[in-house]
Amino acid sequence: MWRRLRERLAKLRERPTHHVPPELPEGATPGALLEALETWRNANAERYARFFLFERPMRVPRADRPLFDQLAEAGLCAHAGASLFRPHVRLFALDGKWIATDCLSHADPDQVFSLMFEQVYLVRTMDIRETDDVLELCVGSGVNSLFAADTAASVTGVDLNPRALRFAAFNRALNGADERLALHEGSLFTPVGDRRFDVVVINPPFELVPEGATWFLHSHGGEDGLDVVRTFLGALPAHLTPEGRMEMITWSPGSAEGPHLLPLIREALPEHHLRVDLLAEGDLDEHVDRFKDHSAYDAFRARLAAKGIDRVHFVYVRASRDQARGVEVRTPIQAITRCHVVADAWI
Ligand SMILES: C[S@@+](CC[C@H](N)C(=O)[O-])C[C@H]1O[C@@H](n2cnc3c(N)ncnc32)[C@H](O)[C@@H]1O
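Residues numbered from 1 in each chain as written. Predicted model: local features only at pLDDT ≥ 70, side-chain atom pairs only at ≥ 80, totals over all residues.

(A) Molecular detail of the environment of Asp 102. Secondary-structure assignment places Asp 102 in the loop between strand 5 (97-101) and helix 5 (117-125). C-alpha of Asp 102 to C-alpha of His 19: the two residues are 83 residues apart in sequence and 8.4 Å apart in space. Setting aside anything within four residues of it in sequence, one finds Asp 102 in contact with Val 89, Gln 111 and Val 112. (Helix = DSSP H or I, 4+ residues; strand = E, 2+ residues; numbered from the N terminus. Contact = placed C-beta atoms within 7 Å.)

(B) Layout of the packing of helix 5 against helix 12 (residues 333-343). Relative orientation of the contacting elements helix 5 and helix 12 amounts to 130°, with a least axis distance of 9 Å. Taken together, the axes of helix 5 and helix 12 lie oblique to each other. The interaxial crossing formed by helix 5 with helix 12 has right-handed handedness. Together, Phe 117, Val 120, Tyr 121 and Arg 124 of helix 5 and Cys 339, His 340, Val 342 and Ala 343 of helix 12 make up the contact between the two elements. Grouping the amino acids of the contact of helix 5 with helix 12 by side-chain chemistry returns six nonpolar, one polar and one charged. (Axes fitted to C-alpha atoms, helices over the stretch in contact; angles between N-to-C directions. Parallel < 35°, antiparallel > 145°, perpendicular 65-115°, else oblique. Left-handed = near helix turned anticlockwise from the far one by under 90°. Nonpolar A, V, L, I, M, F, W, Y, C, P; charged D, E, K, R; others polar.)

(C) A look at the domain arrangement of the protein chain. Each assigned domain of the protein chain is listed with its residue range as follows: domain 1 (23-88) and domain 2 (106-346). Of note, the centres of domain 1 and domain 2, computed from C-alpha atoms alone, are 31 Å apart. (Domains from an automatic or database assignment.)

(D) Quick look at the sheet that holds strand 1 (residues 58-59). Pairing is antiparallel across the open sheet formed by three strands, whose spatial order is 1-3-2. Of all strands in the sheet, those with a lone pairing partner are strand 1 and strand 2 (77-79), marking the two edges. Relative to strand 3 (residues 84-87), strand 2 runs antiparallel, the two being bridged by three bridges. In the sheet register, Cys 77 faces strand 3, and the bridge partner there is Pro 87. Together, strand 2 and strand 3 form the strand contacts of helix 4 (residues 65-73), whose direction differs from that of strand 2 by roughly 115°. (Pairing = 2+ DSSP bridges.)

(E) Quick peek at the site of the ligand. The ligand sits among 23 residues. The nearest are Cys 138, Gly 140, Asn 161, Asn 203 and His 218. Those elements that provide at least two residues to the shell around the ligand are helix 6 (143-148) and strand 7 (154-159). Looking at side-chain class alone, the shell around the ligand contains 13 nonpolar, nine polar and one charged residues. (Near = placed C-beta within 6 Å.)

(F) Spotlight on helix 7 (residues 162-174). End to end, helix 7 covers 18 Å across 13 residues, agreeing with the expected 18 Å (1.5 Å per residue, within 8%). All buried positions along helix 7 are accounted for by Ala 164, Leu 165, Phe 167, Ala 168, Phe 170, Asn 171, Arg 172 and Leu 174. Where helix 7 is buried, its residues meet helix 2 (30-43), strand 5, helix 6, strand 7 and strand 8 (181-185). Just downstream of helix 7, Gly 176 is the residue with a positive phi angle, here 60°. (Expected span 1.5 Å × (residues − 1). Buried ≥ 20, exposed ≤ 12 C-beta atoms within 10 Å, placed from the backbone.)

(G) Fine view of helix 8 (residues 227-235). Among the residues making up helix 8, those that are buried are Val 228, Val 229, Phe 232 and Leu 233. One side of helix 8 carries all its buried residues, which in axial view fall inside an arc of 125°. (Arc of directions from axis to C-beta.)

Rendered as structure tokens:
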């Protein structure tokens, strides 16, 4: 699945697009629009996927024009002459919510992160309670925060990328959550000062990138993929309430001994119980091969080898004080499979 995604991404970057983030027109009632879209999607599942997931233009029959004119008014697609429409976003339907992200053909570093397996797994697994003040760092399209906002007392989302925040604001309005999600621009905890939270949620940038290489902000994790995570974990304890929890999903560099991420979390949260779900494991070269033509690649690859890194681990980690300090490692095959059924259809 990951290889398929990488191949698709490489192909779409060959013909880049630059669309303005979507925005609901003044006074629009997203409820009626989404109902009409859902009806159309149910009757046209394959065409929906080709258009809103695989980014292919489509001829729209006269009967469907009013719906597509409305979608175009919100910037989700555009009329391209005669009966032809082009998608301007990827639009995901997940467990009752609609989430717009950038097209994969948006090849600039500020591309807003698509939905994939990790969002499905995180939103279905994270432990959010009614009294929780939740902070999501690296909020992106807002998908995880919008699900948290269904339950939590308050949700705050932070992202460095203004384009991501425009998508998150759109998705918040689309899903009728304007009152329940506050959005701030800035790096990690900076916009929230010294405020403490009951839960901090994060799906950080995680790809291993050689120094000097250009890569998407959503995935640029520095040489070993852990740059953002290290800064995050350093500041995390000062932003958690005494019983505060962390929900993280990410890829981590590692070896046969396990993900290098885990000792870092243990150091930051020495008294927490850690639940670690091992979701997948991949060969390091499959993740870093895309940089093999970069001048710094050989030295970068050699340094990773010297650190004993030969693979990447896909992990979900929940840190909580509900149980005594300890680590519980699991591979919940059935839950993983159920999430793949949803996410594999998107690529
Ligand atoms: C892997 S994406 C996750 C997006 C979203 N949470 C999701 O799960 O779909 C990582 C996000 O982190 C943001 N980001 C990168 N560095 C950041 C930083 N230092 N502070 C805040 N956000 C950052 C990127 O703009 C991107 O939206």
